[in-house]
Amino acid sequence: MLRCGQMIMSEAMSRLHLGRKWRWKVDCKDPAYWKIISMFQDQKGCLFSIHQIAMMGVTEGKEIGKWFGPNTVAQVLRKLAIYDEWSRLVVHVAMDNTVIVDDINLLCRRAKREVPCEQIESSSSSILRGSPPGVERKDSVVVDHSNWRPLVLFIPLRLGLQDINTVYIRSLKACLEMPQSLGIIGGSSNQAHFFIGYFDDWLLYLDPHTTQPVVDFSQPGANDASYHCSCHGRMKFTSLDPSIALGFYCANEEDFHRLLNTIQERIVAPEKRPMFEVYQSRPKHWPPFQPYTGEGTNSDFTFVDEERRYDSDEEFELLG
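Residues numbered from 1 in each chain as written. Predicted model: local features only at pLDDT ≥ 70, side-chain atom pairs only at ≥ 80, totals over all residues. Heavy atoms only, no water.

**Q** Describe the environment of Arg258, naming the residues involved and giving the relevant values.
**A** Inspection of the secondary structure assignment puts Arg258 in helix H7 (residues 253-268). Classification of Arg258 by relative accessible area gives partly exposed; the value is 45%. When the C-alpha positions of Arg258 and Met178 are compared, they lie 9.8 Å apart, and in sequence the two are 80 residues distant. Contact partners of Arg258, with chain neighbours within four places excluded, come to Gln180 and Asn252. (Helix = DSSP H or I, 4+ residues; strand = E, 2+ residues; numbered from the N terminus. Buried < 20%, exposed > 50% of the residue type's maximum accessible area, 1.4 Å probe, protein only. Contact = heavy atoms within 4.5 Å.)

As C-alpha cells, then:
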C-alpha cells in the first residue's frame, strides 16, 4: 500500500507540473519530470520515499514493517506534503464519509505556511524535497501564497464488512469518470493496487508488487524505465476489498467547485444512502478543525500525534 500511495501522489504531481496530457517517453529530458521522480527514490532523504512514508506512519500508530491501509497512507501523505514547497499541494483527508467544504477552503486559501525543515532527514547524497543534491538546509521556510493552492483530496471509505456492498459500485464508476479523479487506492485479499479506471464490470489497476532493481539518479546513465509500466491488470468490482480511499486532484478553486457539483449530481442526489456526503460547514458536535502543521514531530518521525488516529480497518462509519 505504501507504493500505491507513491503512485497516486506522483500522478497528482504530474498533473500539476506536467499537465494531464503529458506522456512519458524513453530518454525524457523534462526537468520537471526528473524533479518529480527524484522525490520518490528509495533513499531516506527523498521526501516521498518509502522510508519517509514508513517513518511518518509511526505518527499514525503504525510501526515500521506493519501493514498500511488506504486511510493510513492518505494520512501519511497529508503530513509529508507540507514539506514540499515546490508543489505547494494541499492534501486533505475527508474523514467519516464526509467532505467539509469550509475545511478545504481554509487549507487552500491559507496565505502563510511555516515549515520546520529540521523535521525532514537528509544526507549528503540525498535529494531533499525534490531539490538537487548538495542543497543547503535552512532552519525554517516561510511560503506566502495568496491564491488558491492545488488540492489533493482523499476520501477513505469502508463499503462493507468482509465484501464490498454492490450498491456502491455505480458510485465508484461515477467517481472514476470524473476528470478530477486520481484513482482509487485499495486492493483485494491483502494485496494492494492502484485503480486507475474501469471497463464494464472490471476495475483496471497498476500493480506495485513487481520487484525492480534500485535506481540511483545521482549516478550517470540511470534508467527510469522501472518507474513506468506498459500494461495494467483487471479485477471484478465485486472482488474489491471494502476498505478504499478515493483520490481527486483540483488544480484551482473553479475545478474544486466543478468537482463538488458533479459529486452532488452523481453521488449524493441519486442515492438514498450515498457513498459519502458533502457539507458546507462542520457539524456542531464535531471538534474544531485543526490543520496539520508538522510541529512537534522530530526528525525520525517517532512522535505519536495525540490527535485522533484513524486505522483503515477501524473507526469507520459503516455504510449499508
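**Q** Give a detailed account of the side chain of Thr98, specifying residues and quantitative values.
**A** Its location among the elements puts Thr98 in strand E2 (residues 98-100). A distance of 2.8 Å separates the side chain of Thr98 from the backbone oxygen of Asp96, its partner in a polar contact. (Polar contact = N/O pair within 3.5 Å; in protein donor to acceptor, adjacent residues only side chain to side chain.)

**Q** I'd like a rundown of the pairing of strand E7 (residues 191-199), residues and numbers included.
**A** Judged from the 5 bridges that link them, strand E6 (residues 181-188) and E7 form a sheet pairing that is antiparallel. Its bridge partner lying in E7, Ile185 is registered against Phe194. Between E6 and E7, which pair antiparallel in sequence order, lie 2 residues; one of them, Ser189, sits at a positive phi of approximately 50 degrees. Relative to strand E8 (residues 202-206), E7 runs antiparallel, the two being bridged by 5 bridges. What sits directly across from Phe199, in E8, is Trp202. Between E7 and the antiparallel strand that follows it, E8, lie 2 residues; Asp200 among them carries a positive phi value of about 60 degrees. (Pairing = 2+ DSSP bridges.)

**Q** Help me get a handle on helix H5 (residues 101-108), residues and values and all.
**A** With 6 of 8 residues buried, H5 lies mostly within the body of the structure. Those residues of H5 lying buried are Val101, Asp103, Ile104, Asn105, Leu107 and Cys108.

**Q** Please give an account of the pattern of salt bridges that cites residues and values.
**A** In total, this model carries 9 salt bridges according to the counting rule given. Arg266 serves as the salt-bridge partner of Glu177, at 2.8 Å between the closest nitrogen and oxygen. Here Arg266 lies in helix H7 and Glu177 lies in helix H6 (residues 169-177), a separation of 89 residues in the sequence. Taking relative accessible area as the criterion, Arg266 reaches 36% and is therefore assigned partly exposed. Between Asp255 and Arg258 there is a salt bridge, with its nearest N and O atoms 3.5 Å apart. In this pair, Asp255 and Arg258 both sit in helix H7, 3 residues apart, roughly one turn of the helix. (Salt bridge = Lys/Arg side-chain N within 4 Å of Asp/Glu carboxyl O.)

Interpretation in functional terms is not warranted from these geometric data alone.
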